[in-house]
Amino acid sequence: MGILNVTPDSFSDGGRFVDLDRAVAQAAALIAAGADMIDVGGESTRPGALPVSAEEEIRRVVPVIRQLAGVTVSVDTTKAAVAAAALAAGAQVVNDISALRADAEMVAVVREAGAGLVLMHMAGTPATMQQNPQYADVVREVREFLAERVAFAERNGVSRCQLAVDPGIGFGKTVEHNLALLAHVGGLRELGCAVLVGASRKSFLGKTLGRPVDQRLAGSLACAAWAVAQGAHVVRVHDVAETVDVVRMIQVMRESLTKP
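Enquirer: Teacher, can you tell me more about the overall build of the protein here?
Expert: The secondary structure content of the protein amounts to 9 helices and 8 strands. The C-alpha atoms of the protein give a radius of gyration of 17 Å, which matches the 18 Å a tight globule of 260 residues would have. Each principal axis of the C-alpha atoms in the protein carries an extent, and together these give about 50 × 40 × 40 Å. The buried share of the protein, taken over its 260 residues, is 52%. Partitioning the intrachain contacts of the protein with sequence separation of at least 6 by distance along the chain shows that 65% fall at a separation of at least 24. Summed over its atoms, the accessible surface of the protein is roughly 11700 Å², and 54% of this surface lies on carbon and sulfur atoms. Between the centroid of the 25 positive side chains of the protein and the centroid of its 28 negative side chains there is a distance of 3 Å.

Enquirer: Please clarify how the nonpolar core should be interpreted in this entry.
Expert: One recurring pattern in soluble globular proteins: nonpolar side chains tend to sit buried together. In this structure, Leu-4, Val-40 and Ile-65 are the most contacted members of the largest nonpolar core, which totals 71 residues. For Ile-65, the contacting residues outside a window of four places in its chain are Val-40, Val-73, Val-75, Ala-86, Ala-89, Gly-90 and Ala-91. With 6 residues, the next largest nonpolar core counts Met-1, Met-37, Val-118 and Ala-164 among its residues.

Enquirer: What should I look at first to understand the sheet that holds strand 6 (residues 163–166) in this one?
Expert: Hydrogen bonds between backbone groups are what pair the strands of a sheet, and the pairing can be parallel or antiparallel. Taken together, the 8 strands give an open sheet; going across it, the order is 1-2-3-4-5-6-7-8, and neighbouring strands pair in parallel fashion. Edge strands, defined here as strands with exactly one partner in the open sheet, are strand 1 (2–5) and strand 8 (234–235). Two strands pair when backbone bridges link them, and strand 4 (residues 93–96) and strand 5 (residues 116–120) are joined in this way by 4 bridges, in the parallel orientation. Following the sheet pairing, Asn-95 is matched in strand 5 by Val-118.

Enquirer: When you look at the layout of surface pockets in this model, what are you seeing that I'm missing?
Expert: Where empty space is left in the structure can be found by rolling a water-sized probe over the atoms. Taken as a whole, the second largest pocket holds about 390 Å³ of empty space. Together, 18 residues line the second largest pocket, and Met-1, Asp-36, His-233, Val-235 and Val-247 are the ones closest to its centre. For the lining of the second largest pocket, the secondary structure elements donating two or more residues are strand 8 and helix 9 (240–257). For the lining of the second largest pocket, the element with the highest residue contribution is helix 9, accounting for 7 residues. Here the residues of the lining of the second largest pocket sort into 11 nonpolar, 4 polar and 3 charged.

Enquirer: Help me understand unusual backbone geometry in this model?
Expert: In most cases, non-glycine residues show a negative phi, while peptide bonds are predominantly trans. The phi dihedral of Leu-100 is positive, around 75°, even though this residue is not glycine. Along the chain, the position of Leu-100 falls in the loop between strand 4 and helix 4 (106–113). Positive phi, normally seen in glycine, also occurs at Asn-132, with a value near 60°.

Enquirer: Help me understand the side chain of Asp-76 in this model?
Expert: Summarising the element assignment, Asp-76 is placed in strand 3 (residues 73–76). Of the polar contacts made by the side chain of Asp-76, one reaches the side chain of Arg-236; its length is 3.3 Å. With sequence-adjacent residues up to four places away left out, Asp-76 is seen in contact with Asp-39, Val-40, Gly-41, Gly-42, Glu-57, Asn-95, Ile-97 and Arg-236.

Rules behind the numbers
Residues numbered from 1 in each chain as written. Predicted model: local features only at pLDDT ≥ 70, side-chain atom pairs only at ≥ 80, totals over all residues. Heavy atoms only, no water. Helix = DSSP H or I, 4+ residues; strand = E, 2+ residues; numbered from the N terminus. Rg over C-alpha atoms; globule rule 2.2 N^0.38 Å. Buried < 20%, exposed > 50% of the residue type's maximum accessible area, 1.4 Å probe, protein only. Contact = heavy atoms within 4.5 Å. Areas by Shrake-Rupley, 256 points an atom, 1.4 Å probe, with all protein chains shown as cover. Lys, Arg positive; Asp, Glu negative; His and termini not counted. Charge placed at Lys NZ, Arg CZ, Asp CG, Glu CD. Core = buried A, V, L, I, M, F, W, Y, C linked by side-chain atoms within 4.5 Å. Pairing = 2+ DSSP bridges. 1 Å grid on protein atoms, 1.4 Å probe; cavity = no way out; pocket = protein on both sides within 12 Å on 5 of 7 lines; lining within 4 Å. Points joined across faces, edges and corners; volume = space filled by probe spheres on them. Nonpolar A, V, L, I, M, F, W, Y, C, P; charged D, E, K, R; others polar. Polar contact = N/O pair within 3.5 Å; in protein donor to acceptor, adjacent residues only side chain to side chain.

Distances and angles like these do not, on their own, reveal function.
Okay, here's the thing in structure tokens:
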């Protein structure tokens, strides 16, 4: 999953792709580099970010999505109106960091469209999530939350085969919480859904390695490699070409295990 932020304030690439032509060119570059899906976001979810209106979010994402015919597109939003507009424009997946908690209408939009849905764990909101996050057992609590959200989606007519779960690396977690979740990410497969991991360029890498955001490629690749080796089905990344090489090497090495 290649990241395409059409926002002025995202933590890594905010402002680079607010122009329609640049955004479409970046999506094409991500696909050429090997992305299977483009995740288009019109509202920053970095720590401390404030929400924007549904109208503004639609204005940012829908023109881009309309230009991506033939590409698998997810829309990164918590708003039902934005999801509906994006799906009508050609998106096939909703990536909801609130796991259907922010907008009561979201589950109906997904159900009626037959869309894919990513359910992510987040403590609080982007504006508050890094204000002293605490857990008694972060791995257990995140897993239980995601299990409950999967059950909620199913009760409301969204089948398990449409769902993916995301532990929400960096969303209301300390460095230690993020590392614990990555260490045990394979356990999320027991929920019977695809598992998505998004660690690319995030601040816990900077704190662990002492690297600014533009020097976190190696750390991001290490997390992607670990996640895939533990059984994650999707990795959400900025650096697609390098991550594709990592994933391919893991696949080749797995295949060699079955050869005499």
